[in-house]
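# Architecture and fold: a report
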Amino acid sequence: MKLRIITNVLLLCLSCLTLGGCWDSKELEGQYYIHSIGVDYVDEKYVVYGQIINFAGGGEDGDSGGTIGNQHENVSIAKGTGESVVAAIHNLYVSTQRRIYWGHLSSVVFHERVMGEAFKNVLDDFSRYYEIRPTLWMFITSDPVNEILGTFPVMQTSILYSFLGEPGESYEQSSRVQPIRKSRFEAELYEPGRTVSLPSVNIVRKKWYDPLDYGNNLSLNKAGFLTKDSYKGSLAGADINGLVYIDDEAGRNATILRKNDRPVVTEIVTDPKLKVVPEITGDSVAFSIELAVTATVIEITEEVDEQFLIENTEKVVEGHIRRTFEKGVEIGADIYNLSHSLYRKDPEKWREFTNEAGELELTKDLLTEINAEATIIHSGAEKLHLNKK
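Residues numbered from 1 in each chain as written. Predicted model: local features only at pLDDT ≥ 70, side-chain atom pairs only at ≥ 80, totals over all residues. Heavy atoms only, no water.

## With respect to the layout of surface pockets
How we decide: Here a cavity denotes a set of grid points, spaced 1 Å apart and computed over the protein atoms alone, in which a 1.4 Å probe fits but from which it cannot get out, and a pocket denotes an open set meeting protein on both sides within 12 Å along at least five of seven lines; residues with an atom within 4 Å of a point are reported as lining. Grid points are joined across faces, edges and corners, and a volume is the space filled by probe spheres set on the points. Helix and strand assignments follow DSSP, with helices taken as H or I runs no shorter than four residues and strands as E runs no shorter than two, numbered in order from the N terminus. The nonpolar class holds Ala, Val, Leu, Ile, Met, Phe, Trp, Tyr, Cys and Pro. Asp, Glu, Lys and Arg form the charged class, and all remaining residues, Gly among them, are polar.
Here the largest pocket defines a volume of roughly 720 Å³. In terms of lining residues, the largest pocket is bounded by 33 residues, among which Arg 184, Glu 188, Arg 194, Ile 246 and Asn 337 are the most central. The set of elements that each furnish at least two residues to the lining of the largest pocket consists of helix 6 (182–189), strand 7 (196–209), strand 11 (262–281) and helix 8 (338–345). The element best represented in the lining of the largest pocket is strand 11, accounting for six residues. Classifying every residue of the lining of the largest pocket gives 16 nonpolar, six polar and eleven charged.

In structure tokens:
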């Protein structure tokens, strides 16, 4: 009997020892969580801004910790400066009163000033720390980085569902600039002859209105272009209308057809299938683009025939592609990756026609033909009344 009691006591003691593995764990409310980080370069120093969430700071009383219009989290923007990104982050730590956890970092925003020779070193810094995942969303901006991180979603939506947290939701509904994760960005960047596009996030003012005032919001209507060796610059608005056709997973792209310079049809163009065809003739090379799209008519103000829809859809799409290509030529950006297409077809000719950086000499004549083929699927919930003349 005594032996059994002693044995049970020993087993109880051993059990208590095995339960000690979580004693040094951190409680949820005991840490700060960094959701997005911005990097700038000012006066020869790196400036890092952290969008930091303290889930313990919010409550049912609507106290937002100074963040108006965002009642779901207590959000603050922290700032650090240094001669490197890592030094700037550690400078940020100096004024932080709790441990910052990086495992939930969703995105990084680089000011265009950072997109120079040191950019790859900055990118490498985000690859070395074990808490940071390779699935970060990547953005650039020309606006003040602290203002970007300090602009919160409208209608009191959590910042977790902003462009900096979930850009794919908006892209599926209205495709402009394809969001890109860090892992994919790095994989494409180091492909021979590749030009990668990065969505540029910018502040839109007086776009949303509530009964109290106009509010600022974020917009993705601009893109920056870079190769592994240099940043080419950015384009915005109508100049990037052709960019969406690169992505065969693009969701919805509103397109207007005109008749006698009047808008008569609005379509949603989807499912683009773009192919770049290199054409080598002796000591020269040129390119053509073949594209297939589908379209759905969602608005029609004047009777037109099916031929009008097909021909004008193809004409508008071809115009979008041509304009974006030529605007890319102006900043030295090979937006449709003509160089990479040549590399895949004939690596030897690619080496012959490109410079040491693997870039072609871009001219507007380099892209000779654009052939689009449009298929009209349906007209939504209503029948399409076509003029059958």
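Picking up where we left off.
## Digging into the pairing of strand 11
Rules: Whether two strands pair depends on DSSP finding at least two bridges between them.
Sheet analysis places strand 10 (residues 253–259) next to strand 11, joined by seven bridges and oriented antiparallel. By the bridge assignment, Ala 254 is partnered in strand 11 with Ile 268. Turn length for the strand 10-strand 11 hairpin, with the two strands adjacent in sequence and antiparallel, is two residues, and the turn residue Asn 260 shows positive phi of about 55°. Where strand 11 meets strand 12 (residues 284–300), 15 bridges bridge the pair, whose relative direction is antiparallel. Bridge pairing in strand 12 links Leu 274 to Leu 291. The hairpin formed by strand 11 and strand 12 contains two residues between the paired strands, and Gly 282 there has a positive phi angle of roughly 60°.

## Some remarks on the packing of aromatic side chains
Condition: Any two rings among Phe, Tyr and Trp, with Trp reduced to its six-membered ring, count as a pair given centres within 6.5 Å; such a pair is stacked if its planes are under 30 degrees apart, edge-to-face if over 60, and tilted if neither. For the exposure calls, accessible area comes from a 1.4 Å probe over protein chains only, and a residue counts as buried if that area is under 20% of its type's maximum, exposed if over 50%, partly exposed in between. Two conditions define a charge located above a ring, namely a distance within 6 Å from the ring centre to NZ of Lys or CZ of Arg, and an angle within 35 degrees of the ring normal.
Applying the stated criterion to the full structure yields seven aromatic pairs. Aromatic side chains Tyr 33 and Tyr 101 sit 5.9 Å apart centroid to centroid with 80° between the ring planes, which places their arrangement in the edge-to-face category. With Tyr 33 in strand 1 (residues 31–42) and Tyr 101 in strand 4 (residues 99–101), this residue pair connects regions lying 68 residues apart in the sequence. With relative accessibility at 27%, the residue Tyr 101 sits in the partly exposed group. Arranged with centres 4.9 Å apart and planes meeting at 75°, the rings of Tyr 343 and Trp 350 form a pair that is edge-to-face. With relative accessibility at 11%, the residue Trp 350 sits in the buried group. Clustering of aromatic rings is evident, with ring pairs tying together Phe 110, Phe 119, Phe 126 and Phe 185. Above the ring of Trp 137, the side-chain terminus of Arg 181 is found at 3.8 Å from the ring centroid.

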